[in-house]
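# Structure at a glance
Read off the chains here:
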Amino acid sequence: QVQLVESGGDLVQPGGSLRLSCAASGSIVSINSIGWYRQAPGKERELVASITGDGITKYLDSVKGRFTISTDNTKTTNLQMNSLKPEDTAVYYCTGRFRVLGDFRIYGYWGQGTQVTVSS
């Protein structure tokens, strides 16, 4: 089994920065992909950024140039968010697709989310 826990959400002013972290636990042997989603009140959940096991990254158009996704190792993923805007306010979720010890298949997992609020 794998569990994901997000941290780093906070209240910041427009133009500020935050660094979100996603810590994974379990017998992960390889990463297929890691993604950060967000959901704002009254809006649909959207994929903000993703990174594959071989380091390929993709970003939502509205965050390109401001957000950076990275991995420290197979169990830690970060989302650096700069030049934050009020429109970035949302609950941010970490999701991962992993291969675990003793199983050739790839499974998906979700964290419980961390609140990011951008307001003056």
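Residues numbered from 1 in each chain as written. Predicted model: local features only at pLDDT ≥ 70, side-chain atom pairs only at ≥ 80, totals over all residues. Heavy atoms only, no water.

### Let's talk about the nonpolar core
Counting residues in hydrophobic clusters, the biggest one holds 29 residues, and the most contacted among them are Leu4, Trp36, Phe67, Leu79, Met81, Tyr92 and Phe98. Of all the elements, strand E9 (residues 90-100) adds the most residues to this core, at five residues. (Core = buried A, V, L, I, M, F, W, Y, C linked by side-chain atoms within 4.5 Å. Buried < 20%, exposed > 50% of the residue type's maximum accessible area, 1.4 Å probe, protein only. Helix = DSSP H or I, 4+ residues; strand = E, 2+ residues; numbered from the N terminus.)

### Some remarks on the state of the cysteines
Counted by the stated rule, this structure contains one disulfide. Disulfide pairing is shown between Cys22 and Cys94; the S-S distance is 2.1 Å. For the disulfide bridge between Cys22 and Cys94, the dihedral angle about the S-S bond is near -80°, and by the sign convention the bridge is left-handed. With Cys22 in strand E3 (residues 18-25) and Cys94 in strand E9, this pair connects stretches of sequence that are 72 residues apart. By relative accessible area, which is 3% here, Cys22 ends up buried. You can call Cys94 buried: its relative accessible area is 0%. (Disulfide = S-S within 2.5 Å.)

### What to know about the pairing of strand E11 (residues 114-118)
Side chains Thr114, Val116 and Val118 project from E11 onto a buried face, and the interleaved Gln115 and Thr117 project onto a face without burial. Sheet topology note: the strand E2 (residues 11-12)/E11 ladder contains two bridges and is parallel. In the sheet register, Leu11 faces E11, and the bridge partner there is Thr117. Two strands pair when backbone bridges link them, and E9 and E11 are joined in this way by three bridges, in the antiparallel orientation. Bridge assignment links Val91 to a residue of E11, and that residue is Gln115. (Pairing = 2+ DSSP bridges.)

### Describing the side chain of Arg66
Summarising the element assignment, Arg66 is placed in the loop between strand E6 (57-59) and strand E7 (67-73). The class for Arg66 is buried, based on a relative accessible area of 9%. Leave out the neighbours within four places in its chain, and Arg66 touches Gln80, Met81, Asn82, Ser83, Leu84, Lys85 and Asp88. (Contact = heavy atoms within 4.5 Å.)

### Side note on the pattern of salt bridges
Two side chains of opposite charge can pair, provided their charged atoms sit close to one another. Overall, the coordinates contain six salt bridges when judged by the stated rule. Taking the shortest distance from any N to any O, the salt bridge between Asp88 and Arg38 comes out at 2.9 Å. Residue Asp88 is found in the loop between strand E8 (76-81) and E9, and its partner Arg38 is found in strand E4 (residues 28-39); the two are separated by 50 residues along the sequence. Note on Asp88: relative accessible area 2%, which makes it buried. Arg38 gets classed as buried once you look at its relative accessible area, which sits at 6%. Between Arg66 and Asp88 there is a salt bridge, and its shortest N-O distance comes to 2.8 Å. (Salt bridge = Lys/Arg side-chain N within 4 Å of Asp/Glu carboxyl O.)

### Observations concerning the sheet that holds E7
Sheet strands line up and pair through hydrogen bonds in the backbone, either parallel or antiparallel. Strand order in this open sheet of four strands is E1-E3-E8-E7, and the pairing throughout is antiparallel. The open sheet has two edge strands with one neighbour each: strand E1 (3-7) and E7. Neighbour-to-neighbour, the strand axes of this sheet turn through a mean angle of 20°, independent of strand direction. (Axes fitted to C-alpha atoms, helices over the stretch in contact; angles between N-to-C directions.)

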